[in-house]
Amino acid sequence: QVTLVESGGTSVQAGDSLTLSCTASPGHINSMGWFRQSPGKSREFVAVIGWITGDIVYAEDAKGRFTISRDYAKRTSSLRLSGLKPEDTAVYSCAATYSFTTWPPSQYHYWGQGTQVTVSA
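Right, let's walk through the structure included here. What you are looking at is a predicted structure, and each value in this text was computed from that prediction instead of being measured. The numbers attached to residues start from 1 for each chain and follow its sequence in the written order. Note on the predicted model: pLDDT of at least 70 is required for a residue's local features to be given, and 80 or more for side-chain atom pairs to be given and counted; whole-chain, interface and lining totals, by contrast, use all residues. Excluding hydrogens and water, the side-chain values take into account all heavy atoms of the structure.

1. A few points about the nonpolar core
One recurring pattern in soluble globular proteins: nonpolar side chains tend to sit buried together.
Thought 1: Core analysis: the largest hydrophobic core is formed by 33 residues, its most contacted members being Leu4, Trp34, Leu79 and Tyr92.
Thought 2: Every element with two or more residues in this core is listed here: β3 (18-24), β4 (31-37), β5 (44-50), β7 (66-71), β8 (76-81), β9 (90-97) and β11 (115-120). In these notes, a set of buried Ala, Val, Leu, Ile, Met, Phe, Trp, Tyr and Cys residues joined through side-chain atoms within 4.5 Å is what counts as a nonpolar core. A 1.4 Å probe rolled over the protein chains alone gives each residue an accessible area, and that area as a share of the maximum for its type sets the label: buried under 20%, exposed over 50%, partly exposed in between. Strands are runs of DSSP state E lasting at least two residues, helices are runs of H or I lasting at least four, and both sets are numbered from the N terminus onward.

Following this line, the structure appears as structure tokens:
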């Protein structure tokens, strides 16, 4: 069993940047992904990084604005959000899986509690 703990969510202004972090407890995982869910919308994929390989895949909306990274030794993944827009307002969650996949969320075995990001115009 792996526990994930996110941090970094807060309220910001449009155009600001923010870094979210997710720390995993000891245990085997193969990749860590980030998802988000806005009020009234379905959960959507943001980015995923291979835990050992460092391979990365971004959602189209995330390319160029968001950056995912990981510190293998610290068992931490970070998601840097830049050029934030009001439509980026959502609960951002990290998740870990034994495979490397972007979708569906059910392929992810472990989830963090989520962290709220609110972007004001």
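2. Considerations on the sheet that holds strand β1 (residues 4-7)
Thought 1: With antiparallel pairing, four strands are arranged side by side in an open sheet as β1-β3-β8-β7. A strand with exactly one partner marks an edge of an open sheet, and here the two such strands are β1 and β7. Recorded for the sheet is a direction-independent mean angle of 15° between the axes of neighbouring strands.
Thought 2: For two strands to be treated as a pair, DSSP must find no fewer than two bridges joining them. Relative to β8, β3 is paired through six bridges, and the arrangement is antiparallel. Along β8, the bridge assignment pairs Thr19 with Arg80. Lines are fitted to the C-alpha atoms to define the axes, a helix being fitted only along its stretch in contact, and any angle between axes, read from their N-to-C directions, falls within 0 to 180 degrees.

3. Here's the deal with the pairing of β9
Thought 1: A large share of β9 lies buried, amounting to seven of its eight residues.
Thought 2: Pairing of β9 with β11, which is carried by three bridges, proceeds in the antiparallel orientation. From the neighbouring strand, Ala90 faces β11, where its bridge partner is Val117.
Thought 3: Bridge analysis of β9 against strand β10 (residues 110-111) gives two bridges, and the strand direction is antiparallel. Its bridge partner being in β10, Ala96 is matched across the sheet by Tyr110.

4. A few points about the pairing of β7
For a regular strand, side chains alternate in direction, first toward one face of the sheet and then toward the other.
Thought 1: Pairing between β7 and β8: six bridges, direction antiparallel. Across the sheet, the residue bridging to Arg70 is Ser77, located in β8.
Thought 2: Between the antiparallel neighbours β7 and β8 lie four residues, among them Arg75 with a positive phi of about 55°.

5. A word on the packing of aromatic side chains
Thought 1: Any two of the Phe, Tyr and Trp rings considered here, Trp counted by its six-membered ring, make a pair once their centres fall within 6.5 Å; the pair's planes then place it as stacked at under 30 degrees, edge-to-face at over 60, or tilted in between. Within the structure shown, the criterion is met by seven aromatic pairs.
Thought 2: Consider the rings of Phe35 and Tyr108, whose centres lie 5.0 Å apart with planes at 85°: the pair is edge-to-face. One end of the pair, Phe35, is in strand β4; the other, Tyr108, is in the loop between β9 and β10, with 73 residues separating them in the sequence.
Thought 3: The buried category is assigned to Tyr108, whose relative accessible area is 4%.
Thought 4: With centroids separated by 5.1 Å and ring planes inclined at 50°, the aromatic side chains of Phe35 and Trp111 adopt a geometry described as tilted. Of this pair, Phe35 sits in strand β4 while Trp111 sits in strand β10, and the two are 76 residues apart along the sequence.

These figures capture arrangement, not role.
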